[in-house]
Amino acid sequence: MVGFKNRYLVMEVFLDPNKDLAADEPIIITQFNLSKAIKDSILMNFGECGLASSLNSFQVKYVNPITKLCIIRASREDHQKVWAAITMVRSIGNCPVTFSLLAITGSINACKKAALKSDELKFEQYKLMAQVQTTDDILQQMQNCLAKIKVLEH
């Protein structure tokens, strides 16, 4: 029996630096709003048939709200369609965003390695950019996020 073939996309979400997030309510990237934005983009760019075919295995597996790193699963047949739709996402909620593909893998284990490496580097960069002492709360939240990556399954 052949297993279902998936591709895992490790992506980074960039919030628009020109938008004053202090004035408005800051956007928190969650699995729900990220998934909704991607599904809306697939529907707009590939129609209902494209959306239906890609929903078979599409899932936002992981999102880190601190480092803005996410892992998205798509079928091997539709991963390019999902990737193209992600590229065309221009906003989540009312916040302009862009995406950057960090890695694309065929197994969850390779995805975990790439995501852990990227997440740790991004968190170190976050600590340097914040220029304030990171609180125990943020450190605990980051440890929880790293633990979530380690227990990811298909």
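Cut-offs applied
- Residues numbered from 1 in each chain as written.
- Predicted model: local features only at pLDDT ≥ 70, side-chain atom pairs only at ≥ 80, totals over all residues.
- Heavy atoms only, no water.
- UniProt positions renumbered as here; feature names shortened; annotations may be inferred.
- Buried < 20%, exposed > 50% of the residue type's maximum accessible area, 1.4 Å probe, protein only.
- Helix = DSSP H or I, 4+ residues; strand = E, 2+ residues; numbered from the N terminus.
- Pairing = 2+ DSSP bridges.

As recorded in an unreviewed UniProt entry, the protein goes by the name Ribonuclease P/MRP protein subunit POP5, listed as coming from Coffea canephora. The UniProt entry for the protein carries the following comment under Subcellular location (unreviewed entry): "Nucleus". Under the Sequence similarities (unreviewed entry) heading, UniProt states for the protein: "Belongs to the eukaryotic/archaeal RNase P protein component 2 family."

Enquirer: Give a detailed account of the pairing of strand β3 (residues 69-75), specifying residues and quantitative values.
Expert: A large share of β3 lies buried, amounting to seven of its seven residues. The alternating pattern of β3 places Leu 69, Ile 71, Arg 73 and Ser 75 on one face and Cys 70, Ile 72 and Ala 74 on the opposite face, and all of these are buried. Inspection of the sheet shows strand β2 (residues 59-64) paired to β3 by five bridges, in the antiparallel sense. Bridging across to β3, Tyr 62 finds its partner in Ile 71. Connecting β2 to the next strand, β3, in antiparallel fashion are four residues, including Lys 68 with a positive phi near 65°.

Enquirer: So what's going on with unusual backbone geometry? Which residues, and what values?
Expert: One non-glycine residue with positive phi stands out, namely Lys 68, at about 65°. Structurally, Lys 68 is set in the loop between β2 and β3.

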